[in-house]
Amino acid sequence: DTGVSQDPRHKITKRGQNVTFRCDPISEHNRLYWYRQTLGQGPEFLTYFQNEAQLEKSRLLSDRFSAERPKGSFSTLEIQRTEQGDSAMYLCASSLAPRGGLLNYGYTFGSGTRLTVV
Amino acid sequence: TQLLEQSPQFLSIQEGENLTVYCNSSSVFSSLQWYRQEPGEGPVLLVTVVTGGEVKKLKRLTFQFGDARKDSSLHITAAQPGDTGLYLCAGAWAGGTSYGKLTFGQGTILTVHP
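Now for a quick tour of the structure. (Residues numbered from 1 in each chain as written. Chains lettered and ligands numbered in written order. Predicted model: local features only at pLDDT ≥ 70, side-chain atom pairs only at ≥ 80, totals over all residues. Heavy atoms only, no water.)

For the rest of this paragraph, the subject is the overall build of chain A. Looking only at helices and strands, one finds zero helices and 11 strands in chain A. In chain A, the succession of α and β elements from N to C terminus is β-β-β-β-β-β-β-β-β-β-β. The C-alpha atoms of chain A give 14 Å as radius of gyration, which agrees with the globular expectation for 118 residues (13 Å, within 12%). Across its three principal axes, chain A shows a C-alpha extent of roughly 45 × 30 × 30 Å. (Helix = DSSP H or I, 4+ residues; strand = E, 2+ residues; numbered from the N terminus. Rg over C-alpha atoms; globule rule 2.2 N^0.38 Å.)

When its secondary structure is counted, chain B shows zero helices and 11 strands. Ordered by position in the sequence, the α and β elements of chain B form the string β-β-β-β-β-β-β-β-β-β-β. Its C-alpha atoms give chain B a radius of gyration of 14 Å, within 12% of the compact-globule value 13 Å for 114 residues. C-alpha extents for chain B along the principal axes are approximately 45 × 30 × 20 Å. A buried classification covers 46% of the 114 residues belonging to chain B. Considering only contacts in chain B between residues 6 or more positions apart, those separated by 24 or more positions represent 55%. Taken together, the 8 basic and 9 acidic charged side chains of chain B have centroids lying 8 Å from each other. (Buried < 20%, exposed > 50% of the residue type's maximum accessible area, 1.4 Å probe, protein only. Contact = heavy atoms within 4.5 Å. Lys, Arg positive; Asp, Glu negative; His and termini not counted. Charge placed at Lys NZ, Arg CZ, Asp CG, Glu CD.)

Further remarks concern the sheet that holds strand S1 (residues 5–7) of chain B. Residue and element names in this part refer to chain B. The five strands are arranged S1-S3-S8-S7-S6 in an open sheet whose pairing can be described as antiparallel. This sheet does not close on itself; its edge strands, each paired only once, are S1 and strand S6 (55–58). Looking at each pair of strands side by side, their axes are set apart by 15 degrees on average, direction ignored. Where S1 meets strand S3 (residues 19–24), three bridges bridge the pair, whose relative direction is antiparallel. Looking at S3, one finds that Glu5 is bridged to Asn24. (Pairing = 2+ DSSP bridges. Axes fitted to C-alpha atoms, helices over the stretch in contact; angles between N-to-C directions.)

This next bit is on the interface of chain B and chain A. The parts lose accessible area when they come together, and the size of an interface is often stated as this lost area. Listed per partner, the contact involves 26 residues of chain B and 27 residues of chain A. Of the roughly 2,000 Å² buried at the junction of chain B and chain A (both faces included), carbon and sulfur atoms supply 51%. At the surface where chain B touches chain A, the tally comes to one salt bridge. Here chain B is connected to chain A by eight residue pairs in polar contact (both at pLDDT 80 or more). Here the side of chain B that touches chain A gets four residues from one element, more than from any other, and that element is strand S4 (residues 31–37) of chain B. Class assignment of the residues belonging to the side of chain B that touches chain A gives a composition of 11 nonpolar, 13 polar and two charged. (Buried area = accessible area lost by both parts, 1.4 Å probe. Salt bridge = Lys/Arg side-chain N within 4 Å of Asp/Glu carboxyl O. Polar contact = N/O pair within 3.5 Å; in protein donor to acceptor, adjacent residues only side chain to side chain. Nonpolar A, V, L, I, M, F, W, Y, C, P; charged D, E, K, R; others polar.)

Residue and element names in this part refer to chain A. The strand order across the open sheet built from four strands is S1-S3-S8-S7, with neighbouring strands paired in antiparallel fashion. Both outer strands of the open sheet, strand S1 (5–7) and strand S7 (65–68), are each paired with one neighbouring strand and no more. Strand after strand, the sheet turns through a mean of 15 degrees between neighbouring axes, direction not considered. In this structure, S7 lies alongside strand S8 (residues 75–79), joined through four bridges in antiparallel fashion.

A few words now on the state of the cysteines. In this structure the tally under the stated criterion is two disulfides over all chains. A sulfur-sulfur separation of 1.9 Å characterises the disulfide bridge that pairs Cys23 of chain A with Cys92 of chain A. Sign of the S-S torsion, about -70 degrees for the bond between Cys23 of chain A and Cys92 of chain A, identifies this disulfide as left-handed. Taken together, the positions of Cys23 of chain A in strand S3 (residues 19–24) and Cys92 of chain A in strand S9 (residues 88–95) put the pair 69 residues apart, joining distant regions of the chain. Here Cys23 of chain A matches Cys92 of chain A in class, with each residue buried. Note that Cys23 of chain B is cross-linked by a disulfide to Cys89 of chain B, the S-S spacing being 2.1 Å. Handedness here is read from the sign of the S-S torsion; for Cys23 of chain B and Cys89 of chain B, about 75 degrees, the answer is right-handed. Highlighted residues: Cys23 of chain B in strand S3 and Cys89 of chain B in strand S9 (residues 85–92), separated in sequence by 66 residues. Residue Cys23 of chain B shares its accessibility class with Cys89 of chain B, and that shared class is buried. (Disulfide = S-S within 2.5 Å.)

Structural measurements only, silent on function.
Here's what the structure looks like:
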């Protein structure tokens, strides 16, 4: 397995345009997470899936953001009507689901998609 | 909302010095992880701790989980320039749909000068 892949690595878009990012997780992993990170800060949770079900979406996320994981494999994150404040690194991670009440497994992150809204 | 406080936010030290990074929360973690991130890349897992009082070592890195499972520390001995990066703690809290979801601290940017 080649790890978690994200595409594109970089995206520059004009304010008001829509953008879509793709994430291909490790094939054995049933959980997939999206985070957003600004320079020098920790990742901020956006949403996550277990298989094809979206289990949680951050309350900080506006309705311009939507994510899908059809068939429980790859995932897409779409941002509609982009704003300059959306400029950030968008990180995808995958993991196995927790067992026995503990987070036994770490996340494997992709290299991220850096979005710049001009 | 569970929050993680990391300190210090920045560390700039000389090669060979020791350092400690702290991670604190008002909530009890079910487990806690430490990650290291280099510029332009995603975070990479260093360690997972789950038992209060647990100590784990990874070469020159020592990780400690507080007895009450509300805090953790990362200690680096004899830092090297290759240790430079963003260090992140991330906690998981049991229960509900947040089960197994990690919340990250704001990170500590470490720079080790030769």
